[in-house]
Structures are given as C-alpha cells and as structure tokens.
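What follows is each chain in one-letter form.
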Amino acid sequence: MLFAVRMDVSVPQDMDAQAKAELLAAEKDYSQDLQRKGEWQSIWRCVGEYANISIFDVAGNERLHEILWGLPLFPYMTMDITPLAEHPSDISLD
Ligand SMILES: O=C(O)C[C@H]1C=CC(=O)O1
C-alpha cells in the first residue's frame, strides 16, 4: 500500500547541540535503512520549510504506524498522511 506522508519538524530551539546532532544522525540512519529496504520509496524536501514529503510502500496501516512511531524525530514532528490509489490517467498503467 502506498502512502504520502508530510512530516513537519519542530526541534526545540534550546536542545543541546550534541543531542540534536545525534538525533538527526539517528533519523538519517533510520530513514536510509528503510529506503534501502524499499519501504520508504522517496523523500523530498518542501522548499523553504523544515518539512518533507515522503512516499512509503508498506504492507498496511499497522506497518506504516510502526515505522512512523519509530522515527527518532517523532516527538518533534506533526504528520499528515494520505493513502494513495492508482490514477486512471497514469500512462504507466496503459
Ligand atoms: O529532515 C527531515 O525532513 C526530517 C527527517 C525525516 C527523515 C530524515 O532523514 O529526516
């Protein structure tokens, strides 16, 4: 199942610099591991915002929930999740 997820990040301004660096490194590792496994298909920066739009291809809602809850940055994010279906005008389906 495909999902588009918009993640808006808001890390506290007063977070310790070392703790922030470790958090962002853990987030990157977590994301790239799932990208290599094919569940996190793509990630795009939203221009001018500390936000991304990501495409996930996962077994179902429970798996997406598990992935999102496991994000190291989860406590500092808000998310908007859109389930995706095929579009009848998609030429790759012809
Ligand atoms: O920078 C972000 O958009 C937040 C985050 C989500 C995955 C990742 O590597 O960073």
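Use the structure listed above.
Read on for an overview of the structure.

**Points about the side chain of Ser 42**
Next up, step 1: Take Ser 42: it is sitting in strand β2 (residues 40-45).
Next up, step 2: Residues within four places of Ser 42 in sequence aside, it is in contact with Ile 53, Ser 54 and Ile 55.

**A word on helix α2 (residues 61-69)**
Since the α-helix advances by 3.6 residues per turn, residues separated by three or four positions end up pointing in the same direction.
Next up, step 1: Taken residue by residue, α2 has Leu 64, Ile 67 and Leu 68 as its buried positions. Mapping the buried residues of α2 onto a view down its axis gives an arc of 95°, with all of them on the same face. In α2, those exposed residues whose orientation departs by more than 90 degrees from the buried face are Glu 62 and Trp 69.
Next up, step 2: Structurally, α2 contributes buried residues whose contacts are with β1 (2-9), α1 (17-37), β3 (51-57) and β4 (77-84).

**Points about the pairing of β2**
Next up, step 1: Sheet analysis places β2 next to β3, joined by five bridges and oriented antiparallel. Following the sheet pairing, Trp 40 is matched in β3 by Phe 56.
Next up, step 2: Linkage of β2 to β3, two consecutive antiparallel strands, is achieved through a turn of five residues, within which Gly 48 is found at a positive phi near 80°.

**Brief notes about α1**
Next up, step 1: The terminal C-alpha atoms of α1 lie 30 Å apart, and with 21 residues this matches the ideal 30 Å at 1.5 Å per residue to within 8%.
Next up, step 2: Within α1, the full set of buried residues consists of Leu 23, Glu 27, Ser 31 and Leu 34. In a view along the axis of α1, the buried residues occupy a sector of 65°, so they form one face of it. Looking at α1, the residues exposed on the side facing more than 90 degrees away from the buried face are Ala 17, Lys 28, Asp 29 and Arg 36.
Next up, step 3: Capping of α1 at its N-terminal end is provided by Asp 16; its side-chain oxygen lies 3.1 Å from the backbone amide nitrogen of Gln 18.
Next up, step 4: Just downstream of α1, Gly 38 is the residue with a positive phi angle, here 90°.

Definitions and limits used
- Residues numbered from 1 in each chain as written.
- Predicted model: local features only at pLDDT ≥ 70, side-chain atom pairs only at ≥ 80, totals over all residues.
- Heavy atoms only, no water.
- Helix = DSSP H or I, 4+ residues; strand = E, 2+ residues; numbered from the N terminus.
- Contact = heavy atoms within 4.5 Å.
- Buried < 20%, exposed > 50% of the residue type's maximum accessible area, 1.4 Å probe, protein only.
- Arc of directions from axis to C-beta.
- Pairing = 2+ DSSP bridges.
- Expected span 1.5 Å × (residues − 1).
- Polar contact = N/O pair within 3.5 Å; in protein donor to acceptor, adjacent residues only side chain to side chain.

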